[in-house]
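Below are the chains, spelled out letter by letter.
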Amino acid sequence: MNNNQVIIFDTTLRDGEQSPGASMTRSEKLQIARALERMNVDVIEAGFAMASPGDFEAVKAIAETVKASTVCSLSRALDADIDRAAEALKPAVSGRIHTFIATSPIHMKHKLRMEPDQVIAQAVHAVKRARNQIDDVEFSCEDAGRSELDFLCRIIEAAIDAGARTINIPDTVGYNLPHQFGKTINQLLQRIPNADKAVFSVHCHNDLGLAVANSLQAVVNGARQIECTINGLGERAGNASLEEIVMAIRTRNDLLNVETNIDTQLIVPTSRLVSGITGFPVQPNKAIVGANAFSHESGIHQDGVLKHRETYEIMRAEDVGWQNNKMVLGKLSGRSAFSNRLEELGVTFDSREALNEAFARFKTLADKKSEIFDADLLALVRAKSNDEMPDEYRLLHLEAGSSTEGTPEATVSLEINGITQIARSGGDGPVDAIFKAIESVVHSGATLALYSVNAITGGTDSQGEVGVRLTRDGKVVNGSAADTDIVIASAKAYINALNLLESDIVKAHPQVSEV
Ligand code: KIV
Ligand code: ZN
């Protein structure tokens, strides 16, 4: 491998999915995996095969589908996990098992309840077992950011001897500062005698907002793989964001002197796809993919940019895919223009029926909205990507009104397990009235934890994308929906969340389960 090349390892489908409520179905994961492959991501961590039968099937389906990227499954350093990962990865053109064990004193003592030497023995056993089944094995020292350097040197040397090709150094709890983390990488590379036999990787969490800075400092010190996620999705405050890493490497190539394979023009469409599927909106001022990331409000800035773009812009919006968000289709566009454009955006259909069904929804949208943008197309296919979700509740009809006088009222007609029910309620606003009306017949017992509305494109005919997060008995789900009418989108998003709440996905969490 060229030593200036940084391997981009995307873990949106594994660590990203560990965000509360970010669970994805198999077909949603497949859509994201295809988009990551199109973007030239080197390694896609498709999931944790042992977590549940659904996760196993998702990793397997991605291994069957993706050809150009390496497909990876996480596994604890346990025989059963490793075998399950290997089984799911069998169809992959290029597969990787990523096995890990905690190495910090606090994790070894309180979580694993193991002595350091036992941890090394288990790590070596796991790497060898994985290597017996697949060539490409990655080993991670969980909580490396709080581990002792001497111990890291010992366990990593042993893991490389056992056959690990990639050594990952996670800052699992996002505790490190950039200069400190960079020094750790530097020391490991200098002190471990067989360090040249493996690629060193980093995996930084964002608890102090330093995940990207720590990852870049690691690269400066010799790391050549970065683990990251689209939109920085991930446990707690998330992981290092792929788009920020890739654009920092590209924009400051003068200082960093490394490159990635990523097709940066696909960054914005992929960000939108992930945001829509997970129901996690992107904050407007988010670097690279936020709606305001390239907009100049101040007169002085606008004047400067018009005279010479580089006065205030260090990157070009079109280089990260913003220009792709142009008017692409309209009322008269045909099925093949529709499917071709979606294919260019990384979305393909599993069957002719799925394409026909999406095309019918496109025609309905085109009747309401004269200009259809890429973002509209992505929202449209997301709305029905969920073929594994139970359809217990369906919206049949809705009427809701706002008034400066009196109480807003809503009437909702719902199909609940095949039976039509009509509900009415007042509320603080039309959306509140709708949610109350729905609850008056559904009685879900859920708490509304988050409600968000985002305009997908500019203009008052833009589709509004609504996110609804519901919680019940520790379960968290994110429903989402888009419509040119945000009141209707709100009702659909609420119903989507209720359906997700009824799906009983039970998964093991890789980092909290007993070893
Ligand atoms: O944050 C972490 O330590 C992880 C490992 C499993 C790589 O996600
Ligand atoms: Zn992590």
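Residues numbered from 1 in each chain as written. Chains lettered and ligands numbered in written order. Predicted model: local features only at pLDDT ≥ 70, side-chain atom pairs only at ≥ 80, totals over all residues. Heavy atoms only, no water.

Which residues make up the nonpolar core, and what values do they have?
Counting residues in hydrophobic clusters, the biggest one holds 119 residues, and the most contacted among them are Phe139, Ile155, Ile156, Ile167, Ile169, Phe200 and Phe338. With nine residues, the single largest contributor to this core is helix 6 (residues 149–162). If we ignore the near neighbours within four places in the chain, the residues touching isoleucine 156 are Cys141, Ile167, Ile169, Leu188, Ile192 and Phe200. Core analysis: the next-biggest nonpolar cluster, separate from the first, contains 31 residues, Leu398, Val431, Ala481 and Val487 among them. (Core = buried A, V, L, I, M, F, W, Y, C linked by side-chain atoms within 4.5 Å. Buried < 20%, exposed > 50% of the residue type's maximum accessible area, 1.4 Å probe, protein only. Helix = DSSP H or I, 4+ residues; strand = E, 2+ residues; numbered from the N terminus. Contact = heavy atoms within 4.5 Å.)

Describe the coordination of the zinc ion (ligand 2), listing the residues and the values that go with them.
Protein-derived coordination of the zinc ion (ligand 2) comes from Asp15 (OD), His203 (NE2) and His205 (NE2), at a distance range of 2.0 to 2.1 Å. All donors of the zinc ion (ligand 2) come from a single chain, and their spacing in sequence reads D-x187-H-x1-H. Placement of the pair is aspartate 15 in the loop between strand 1 (7–10) and helix 1 (26–38) and histidine 205 in the loop between strand 7 (199–204) and helix 8 (211–220), with a sequence separation of 190 residues. The exposure class of aspartate 15 is buried, given its relative accessible area of 1%. Judged by relative accessible area, histidine 205 falls into the buried class, the value being 3%. (Donors = N, O, S within 2.8 Å, 3.2 Å for Na, K, Ca; no water.)

Describe in detail the sheet that holds strand 2 (residues 43–48), supporting the description with residues and values.
To summarise the sheet geometry, strands pair through backbone hydrogen bonds and adopt either a parallel or an antiparallel arrangement. With respect to topology, eight strands assemble into a closed barrel ordered 1-2-3-4-5-6-7-8, the strand pairing being parallel. Taking each pair of neighbouring strands and ignoring which way they run, the sheet shows an average axis angle of 25°. Alignment of strand 5 (residues 136–142) against strand 6 (residues 166–171), held across three bridges, turns out to be parallel. Residue pairing for strand 6: glutamate 138 is matched across the bridge by threonine 166. Across the sheet, helix 2 (residues 53–65) touches strand 2 and strand 3 (70–76), and the angle it forms with strand 2 is around 155°. (Pairing = 2+ DSSP bridges. Axes fitted to C-alpha atoms, helices over the stretch in contact; angles between N-to-C directions.)

Tell me about unusual backbone geometry, and please be specific about residues and values.
Notably, arginine 236 is not glycine yet its phi reads approximately 50°, a positive angle. By the element assignment, arginine 236 lies in the loop between strand 8 (225–228) and helix 9 (242–251). The exposure class of arginine 236 is partly exposed, given its relative accessible area of 46%. Of note in this structure, asparagine 257 is not a glycine but carries a positive phi near 60°. Along the chain, asparagine 257 turns up in the loop between helix 10 (253–256) and helix 11 (267–278). Classification of asparagine 257 as partly exposed rests on a relative accessible area of 47%.

Please set out the sheet that holds strand 12 (residues 409–416) residue by residue, giving values where relevant.
If you walk across this open sheet you meet the three strands as 11-12-13, and the pairing is antiparallel. Each edge of the open sheet carries a strand with a single partner, namely strand 11 (393–400) and strand 13 (419–426). Ignoring strand direction, the axes of neighbouring strands in this sheet form an average angle of 20°. Pairing analysis gives eight bridges linking strand 12 to strand 13, with the strands arranged antiparallel. If you follow glutamate 409 over to strand 13, its bridge partner there is glycine 426. On the sheet, helix 16 (residues 430–442) packs against strand 11, strand 12 and strand 13 and is oriented at approximately 40° with respect to strand 12. Lying on the sheet, helix 17 (residues 486–502) is in contact with strand 11 and strand 12; it crosses strand 11 at an angle near 155°.

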